[in-house]
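Tertiary structure, described
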Amino acid sequence: MDYNIDDIRLAYKSLGVCKGSIVLLKTDIRLLGIFKKSNNKDVLNAHFDALSDLIDLSVGTIVVSTSSTYLANTDKEFDIFNTPSERGVLTEFIRNLPGAVRSLHPFHSYTAIGNQAKFIASDVSRHAFGFDTPEERMINAGAICISVGLPVTATCTTVHHVEFLIGVPYRYTKEFLHPILHIEKIHKEFFYMYVHYRECEINRNRGVKIFEEFYNQGYNVKEVSLGRGKVYSYSLSDFFKSTM
């Protein structure tokens, strides 16, 4: 089934996106099938325009993960303006938009555009999760997570934020001294990731049990069909409270 920009707009609106929303967008738009062009808009512009029209970027904000974990354990420098996102073509499209703000972390950055972009992505912690990270700021600001194409169990990173705050026994904080390109000079700085012990034998179920508990506590994930796939949304603060 083909879909167009009107279908996108209706789907996002049905998920609760409205004027002033802060949206953390996780995407795999390939799973939606064929996009039918209208008014010369390609699929990337269509998704962004539909969201930004509903949100109104003068009061709302769109955030995407622009991680580059492929740089970890390498000597390749991180350039906040040019290092590409590994999280899909739509995140890379948004990263390159005028006015977009990217957080400074060589492996786990976020890019935000809109009213709260600087608050979410500027002057953040050197840790991937925990205090003063984009994840914490989005939770406190009442953001909603929208997962496009993929089920929420496949895209939720807030669980790692909770793991960090609790101090789970199967993860530890790993320090990296990584080269950063800044003002045309390369220098090394310390950054941190919350990683799991390789020797720890964990039966991982990718968030299935955690979301079952989320539902059992009375919270919900909204689900809407779009094209050949589905899009989903849930409150980051609700998920945080439930998982804690």
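Okay, so let's go over this structure.

Moving on: the pattern of salt bridges. Applying the stated criterion to the full structure yields 11 salt bridges. Connected through shared salt-bridge partners, Asp6, Arg9 and Asp53 make up one network.

We now examine the packing of helix H6 (residues 158–166) against helix H8 (residues 236–243). Axis separation between H6 and H8 bottoms out at 10 Å; the angle between their running directions is 40°. Taken together, the axis directions place H6 and H8 in an arrangement best described as oblique. Like other packed secondary-structure pairs, H6 and H8 cross with a definite hand, here right-handed. Across the interface between the two elements, Thr158, Val159, His161, Val162 and Leu165 of H6 pack against Leu236, Phe239, Phe240 and Thr243 of H8. For the contact of H6 with H8, the class distribution of residues is 6 nonpolar, 3 polar and no charged.

Per the counting criterion, the structure on display carries 14 aromatic pairs. Summarising the aromatic geometry, the rings of Phe48 and Phe93 are spaced 6.3 Å apart at their centres and angled 65° between planes, so their arrangement reads as edge-to-face. Residue Phe48 is located in helix H2 (residues 43–55), and its partner Phe93 is located in helix H3 (residues 89–95); the two are separated by 45 residues in the primary sequence. For the pair formed by Phe48 and Phe93, the shared burial category is buried. Relative to Tyr234, the ring of Phe214 lies with its centre 6.3 Å away and its plane at 75°, an arrangement referred to as edge-to-face.

Another aspect to go through is unusual backbone geometry. Positive phi outside glycine occurs at Asn73, with the angle close to 60°. Take Asn73: it is sitting in the loop between strand S2 (61–65) and strand S3 (78–79). On the accessibility criterion, Asn73 (62% relative accessible area) is exposed.

It is worth spelling out the sheet that holds strand S5 (residues 110–114) at this point. With respect to topology, 7 strands assemble into an open sheet ordered S4-S5-S2-S1-S6-S10-S9, the strand pairing being mixed. Here the strands that pair on one side only, and so sit at the sheet edges, are strand S4 (101–102) and strand S9 (222–226). Here S9 pairs with strand S10 (residues 229–235) via 5 bridges, running antiparallel. Bridge pairing in S10 links Ser225 to Lys230. Contacting strand S1 (22–27), S2, S5, strand S6 (144–148) and S9, H2 crosses the sheet at an angle of about 140° to S2.

Turning next to the environment of Val152. Along the polypeptide, Val152 turns up in the loop between S6 and H6. The exposure class of Val152 is buried, given its relative accessible area of 5%. Remark: the alpha-carbon pair of Val152 and Tyr215, spanning 63 residues in sequence, is separated by 13 Å. Sequence-distant contacts of Val152, defined by excluding residues within four places in its chain, comprise Ser147, Phe211, Tyr215, Val221, Tyr232 and Tyr234.

What counts, and where the lines are drawn
- Residues numbered from 1 in each chain as written.
- Predicted model: local features only at pLDDT ≥ 70, side-chain atom pairs only at ≥ 80, totals over all residues.
- Heavy atoms only, no water.
- Salt bridge = Lys/Arg side-chain N within 4 Å of Asp/Glu carboxyl O.
- Axes fitted to C-alpha atoms, helices over the stretch in contact; angles between N-to-C directions.
- Helix = DSSP H or I, 4+ residues; strand = E, 2+ residues; numbered from the N terminus.
- Parallel < 35°, antiparallel > 145°, perpendicular 65-115°, else oblique.
- Left-handed = near helix turned anticlockwise from the far one by under 90°.
- Contact = heavy atoms within 4.5 Å.
- Nonpolar A, V, L, I, M, F, W, Y, C, P; charged D, E, K, R; others polar.
- Phe/Tyr/Trp six-rings, centres within 6.5 Å; stacked < 30°, edge-to-face > 60°.
- Buried < 20%, exposed > 50% of the residue type's maximum accessible area, 1.4 Å probe, protein only.
- Pairing = 2+ DSSP bridges.

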